[in-house]
Every structure is written in structure tokens, then in C-alpha cells.
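# Residue-level structure breakdown
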Amino acid sequence: MYYIDPHIHMVSRTTDDYETLAKMGCVAVSEPAFWAGYDRGSVDGFRDYFEQLTTFEPKRAGWYGIQHFTWLCINAKEAENVALSREVIAMIPEFLDRPGVLGIGEIGLNKNTRNEATIFLEHIDLAVKTNEQILIHTPHLEDKFQGTRMILDMLTGDSRLQRERVLVDHVEEHTVGLVLDQGFWAGMTLYPVSKCTPQRACDMVEIYGPERLLVNSAGDWGPSKPTAVPDFILEMRKRGHPESLIKRVVYDNPLTFFGQSRGFQFKSPSDV
Ligand SMILES: [Zn+2]
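Reading the values: rules and limits
Residues numbered from 1 in each chain as written. Predicted model: local features only at pLDDT ≥ 70, side-chain atom pairs only at ≥ 80, totals over all residues. Heavy atoms only, no water. Axes fitted to C-alpha atoms, helices over the stretch in contact; angles between N-to-C directions. Helix = DSSP H or I, 4+ residues; strand = E, 2+ residues; numbered from the N terminus. Parallel < 35°, antiparallel > 145°, perpendicular 65-115°, else oblique. Left-handed = near helix turned anticlockwise from the far one by under 90°. Contact = heavy atoms within 4.5 Å. Nonpolar A, V, L, I, M, F, W, Y, C, P; charged D, E, K, R; others polar. Salt bridge = Lys/Arg side-chain N within 4 Å of Asp/Glu carboxyl O. Buried < 20%, exposed > 50% of the residue type's maximum accessible area, 1.4 Å probe, protein only. Pairing = 2+ DSSP bridges. Right-handed = clockwise from strand over helix to strand, strands pointing away.

### Details of the packing of helix α2 (residues 43–62) against helix α3 (residues 82–91)
For the pair α2 and α3, the least separation of the axes is 9 Å and the interaxial angle reads 40 degrees. Classified by the interaxial angle, the pair formed by α2 and α3 is oblique. Considering only the axes of α2 and α3, their crossing is right-handed. The residues of α3 that touch α2, namely those facing V43, F46, R47 and F50, are L84, E87, V88 and M91. The residue makeup of the contact of α2 with α3, split by class, is six nonpolar, no polar and two charged.

Shown next, in the form of C-alpha cells:
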């Protein structure tokens, strides 16, 4: 089955991973900008990162027939540096019209601080003014419920936002309903050490249905599994779900959501 991984950090993965993903049916990936494992010292560090995301990664993915899309921002961890964040936000428009850029992300909260919230709102303002879609990171573990509530309050407080153009990622059982009820898209992240497993993601599809639900690996430089979406596909099959339902979640839904971005020029595998 063809599938799309809507949240994966390929800059921290090897070329062999691209090859493996292609062999497993992955035809497209979307890569949000994230924390590199250290705090960057200047706006030029982000400019170089955005250059990599919009030039070399699409090329490297293309070696294996995978289409690469990306999202730009300064992540919540580095948003503690408000002055640097504002420089990055002012620089992002240099890249927004590049091919494959889908919007602003992954913005969000990490420790639910005041500075993180300030920079989150300034990203939202940029996205609205430039008509970009938004991809949101929700905090981990003990900070997730409160952080998700804070994020949803900030989003619903902005009447300019089109909720069907916003994806809230890393949902779990206690947050997915809040996100879907408000009209946003929800992403389930399959991650070995936290977040969600393929089994729990299947449970959530069974409980909530496939509408506005996505599943991703968030493969990054930490303990993570870039082939987690095929694990989900297998688990769904083992439970006897029809191929049409599985395809809806791992292929049709990402196309519907991404299709709202002007930077999403997708060639379906039959056209390539
Ligand atoms: Zn991420």
C-alpha cells in the first residue's frame, strides 16, 4: 500500500532510511522544522536549516522516488529566546514561496511557558497574514493535557483561523477528542518511548473514525522508528479493517490536508 508520512525529521535520518521507506510504500514525507538537539546561536543558523529543508532534502528523497514537503518555524524549545525567535519569524517569508513548503510548523508549546505562548501567537499571526497552513507540536507526558488545552484556547481565540487548515500533532487518548471536537486535524505519533503505539493509534481510529485523523512516525535523531506507519498499517490489517479505511488514514487524509497548501504539488505514484 502507498502511504505518506506527514511528520518525520529526515535531516536526522540516513539515506538508507529513505530507501527503506520507499521499499515499504512511502511516496511522500512532510518534515516540520524542529529542535536540532542544541540551541542555535543566530538567525543565520535557521536560514541554513531552511535552505537544507527546501533544497537538499527534496533532492535526497527524490533519489528514491519520495516527494518531500516541509514546514518552517522556530520550535517551542528555542522560543524561550524571544529576541532570536522574532528574527526568525521575520526571516521565514524569504522561504514561503519555495516549492514544497506547506506552511508554518511545528510550532507549539514545550514547557507551557509565557515566552513559548508569546512566540506561538506570533507564528499564528504570520501564518494568517501569509495564508499558510499550520502544524502544531503538543508537549510530552505530564505537560501534554494542559499544553494542549492552552494551545486550543489560543487557536480558538483567533477568529481569523480556518480550523480545517490546522494540524495538532502528538495527540493521545486524553487529547484527541478535544482537538477533533474543535474542528482541527489531529496527528497520532507512533513513538517507541512516549506518545503513542500502533495499537493505541488503531484503538483511536476505532473509537473516533478516520475523519481528520493522521498517523506519523516523527522519526528524528532520538529513539524513534521511521517505519512506524507501516507498523500501523499491519496492525490495522491484523484487526481485520478494510484496506479502504487504512488507505484513508495513511494516504487520502494527508492528501486532503496538504492539498489546502499552495506549495503542495503532488504527483500520485501512477503519474510519476
Ligand atoms: Zn517533530
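### Quick look at the pattern of salt bridges
Considering all chains together, one arrives at 24 salt bridges under this definition. Between R60 and E57 there is a salt bridge whose closest N-O contact spans 3.2 Å. One end of the pair, R60, and the other, E57, are both in helix α2, three residues apart, so they sit about a helical turn from each other. In this structure, R200 and E172 form a salt bridge, with 3.1 Å as the shortest nitrogen-oxygen distance.

### Comments concerning the pairing of strand β7 (residues 185–189)
In terms of residue burial, β7 counts as a mostly covered element, since five of its five residues are buried. Burial along β7 is two-sided: W185, G187 and T189 facing one way and A186 and M188 facing the other are all buried. One ladder, built from two bridges, connects strand β6 (residues 166–168) with β7; its direction is parallel. Directly across from L167, in β7, lies its bridge partner W185. Handedness of the crossover joining β6 and β7 through helix α6 (residues 176–181) is recorded here as right-handed. Remark: the β7/helix α7 (residues 198–208)/strand β8 (residues 213–216) crossover connection has right-handed handedness.

### Topic: the sheet that holds strand β3 (residues 67–72)
Strand order in the open sheet made by the eight strands is β1-β2-β3-β4-β5-β6-β7-β8, with parallel pairing throughout. Each edge of the open sheet carries a strand with a single partner, namely β1 (3–5) and β8. Along the sheet, successive strands turn relative to each other by an average axial angle of 25 degrees, direction set aside. Inspection of the sheet shows β7 paired to β8 by four bridges, in the parallel sense. Bridging across to β8, A186 finds its partner in L213. Helix α4 (residues 114–129) rests against β4 (101–108) and β5 (133–137) of the sheet, and its axis sits at about 165 degrees to β4.

### Observations regarding the pairing of β3
Burial runs high along β3: six of the six residues are buried. Bridging between strand β2 (residues 26–32) and β3 involves five bridges; their strand directions are parallel. When the bridges of β3 are listed, E31 appears paired with T70. The β-α-β motif built from β2, the intervening α2 and the parallel element β3 has right-handed crossover chirality. With three bridges connecting them, β3 and β4 associate as parallel partners. In the sheet register, L72 faces β4, and the bridge partner there is I104.

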